[in-house]
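# Results of the structural survey
Take a look at the letters that make up each chain.
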Amino acid sequence: MKNIQVIGIVGAGQMGRGIAQVAAQTGYDVILFDAFKNSLDFGHNFIKTQLDKGVEKAKWTKDDAARAFSLIKTSTEISDLKNCDLVIEAATEKKELKFDIFKKLDEVVRADAILASNTSSISITEIAAVTKRADKIAGMHFMNPVPVMKLVEGIRGLETSDETFNVVAAVSEKMGKTFIRANDFPGFAVNRILMPMINEAVYALYEGVATAKDIDTAMKLGTNQPMGPLELADFIGLDTCLAIMNVLHDGLADTKYRPCPLLRQYVAAGRYGRKNGKGFHVYDK
Ligand code: CAA
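In this text the structure is predicted, and so the values were computed from the model without any measurement.

Criteria and cut-off values
- Residues numbered from 1 in each chain as written.
- Predicted model: local features only at pLDDT ≥ 70, side-chain atom pairs only at ≥ 80, totals over all residues.
- Heavy atoms only, no water.
- Helix = DSSP H or I, 4+ residues; strand = E, 2+ residues; numbered from the N terminus.
- Rg over C-alpha atoms; globule rule 2.2 N^0.38 Å.
- Contact = heavy atoms within 4.5 Å.
- Areas by Shrake-Rupley, 256 points an atom, 1.4 Å probe, with all protein chains shown as cover.
- Lys, Arg positive; Asp, Glu negative; His and termini not counted.
- Charge placed at Lys NZ, Arg CZ, Asp CG, Glu CD.
- Domains from an automatic or database assignment.
- Buried area = accessible area lost by both parts, 1.4 Å probe.
- Salt bridge = Lys/Arg side-chain N within 4 Å of Asp/Glu carboxyl O.
- Polar contact = N/O pair within 3.5 Å; in protein donor to acceptor, adjacent residues only side chain to side chain.
- Nonpolar A, V, L, I, M, F, W, Y, C, P; charged D, E, K, R; others polar.
- Axes fitted to C-alpha atoms, helices over the stretch in contact; angles between N-to-C directions.
- Parallel < 35°, antiparallel > 145°, perpendicular 65-115°, else oblique.
- Buried < 20%, exposed > 50% of the residue type's maximum accessible area, 1.4 Å probe, protein only.
- Core = buried A, V, L, I, M, F, W, Y, C linked by side-chain atoms within 4.5 Å.

### Some thoughts on the overall build of the protein
Tallying secondary structure elements over the protein gives 11 helices and eight strands in all. Taking 2.2 N^0.38 as the reference for a compact globule, 285 residues should give roughly 19 Å; the C-alpha atoms of the protein span a radius of gyration of 19 Å, in line with that estimate. Long-range pairs, those at least 24 residues apart, make up 66% of the contacts in the protein between residues at least 6 apart in sequence. Summing over all exposed atoms, the protein offers an accessible surface of approximately 13,800 Å²; the carbon and sulfur share of this is 54%. The protein carries 36 positive and 35 negative side-chain charges, and their two centres are separated by 4 Å.

Okay, structure coming up:
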């Protein structure tokens, strides 16, 4: 099987910086790319802070943290990813943006390298179709917060080869994650199941079944979830939840995936959840 040593990460946001941290901590050389210098520096410093916090909590040693941090190089030039064995794209969840990034990656990155996307809902088959290496494209869907969550949802596009899928499975496992294999249908496995649950919680609130706090308490204490569904929606971002519900609704053409009008209204009002301080609950900014 192809040996992976250098991993490129596209996007230094919440997901990209988490993936970069875990990859470096498990011994990979990492090149963290973001077109915006401010985001890149913020993400890079955030990783340093997370590594330092882990030392304080005795999760790992100071030497381990320093070694991991030294394995992460940063760049604002996508061409610096040219010698990567694997690139994991974790840019904003916008179809056209991802298509553009994959076209550029296909031009600049070594032809035998694997290109993966951390997309939560965009079709891997469609992403692969904008490149000339559809067999070397796969989904690696990490969960937030990446250093804590144990899952990588692998997504196999129509043209993804066995070799590519086995390599991304092996890398995920080396990164300490459990890899599950999903085929490329709207929402894959995680969001096909998670988002309708969150959407139903929003309907329960909309129809006055219970308050947001009681809905969350019901599901936290009644079904042993770490966060209630509305709190989780705020954590993920209500704009992201709505975008994924739209993918399910459009892609599966079934009214059972209709996004709740209240979810649409909150997003229209700019209530995105934790990231801007207000969603179904209010947060300190
Ligand atoms: N980065 C790194 N570590 C973090 C972290 C972050 N952003 N947030 C929390 N942690 C760590 C803490 O350091 C702590 O570690 P230790 O126990 O070793 O000290 C541990 O996680 C627990 O944190 P807290 O005690 O602060 O808080 P908590 O017990 O309430 O846990 C949580 C926080 C881990 C986020 C927990 O509430 C949880 O698991 N929530 C559900 C998260 C989830 O479902 N994520 C998936 C969302 S779906 C998705 O990502 C995919 C999609 O496509 C939408």
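### Considerations on the domain arrangement of the protein
Domain boundaries assigned for the protein yield domain 1 (6-183) and domain 2 (191-275). Placing the centre of domain 1 and that of domain 2 at their C-alpha centroids yields a distance of 27 Å. Taken together, the contacts link five residues of domain 1 with four residues of domain 2. Summing both partners gives a buried area of about 440 Å² for domain 1 against domain 2, and 54% of it is carried by carbon and sulfur. The largest contributions to the domain 1 side of the interface with domain 2 come from Ser120, Ser121 and Asn144, which together make up 69% of the buried area. Counting the contacts that link domain 1 with domain 2 gives zero salt bridges. Put simply, domain 1 and domain 2 have one residue pair in polar contact (both at pLDDT 80 or more) between them. Class assignment of the residues belonging to the side of domain 1 that touches domain 2 gives a composition of one nonpolar, four polar and no charged.

### A word on the packing of helix H9 (residues 229-236) against helix H10 (residues 238-252)
Across the interface, H9 lies against H10 with an axial gap of 6 Å and an inter-helix angle of 100 degrees. Regarding the angle of H9 to H10, the classification is roughly perpendicular. Facing H9, whose interface residues are Ala233, Asp234 and Ile236, H10 presents Leu238, Thr240 and Cys241. Considering only residue class, the contact of H9 with H10 consists of four nonpolar, one polar and one charged.

### A closer look at the pattern of salt bridges
On inspection of all chains with the given rule, the structure shows 14 salt bridges. Note that glutamate 93 is salt-bridged to lysine 98, the shortest N-O span being 3.4 Å. A salt bridge links arginine 133 to aspartate 106, with the nearest nitrogen and oxygen atoms 2.7 Å apart. Remark: aspartate 106 occurs in helix H4 (residues 95-108) and arginine 133 occurs in the loop between helix H5 (124-129) and strand E6 (137-142); sequence separation between them is 27 residues. On the basis of relative accessible area, aspartate 106 is assigned to the buried category, the value being 15%.

### A short note on the nonpolar core
Counting 37 residues, the largest nonpolar core has Ile7, Leu86, Met140, Phe142 and Val171 as the members making the most contacts within it. With six residues, helix H1 (residues 14-25) is the largest single contributor of residues to this core. Among all residues touching isoleucine 7, those that are not within four sequence positions of it are Ala23, Tyr28, Asp29, Val30, Ile31, Cys84, Leu86, Ile88 and Val171. In terms of nonpolar packing, the next biggest core, distinct from the first, is built from 27 residues, Met195, Ala201, Met227 and Phe280 among them.

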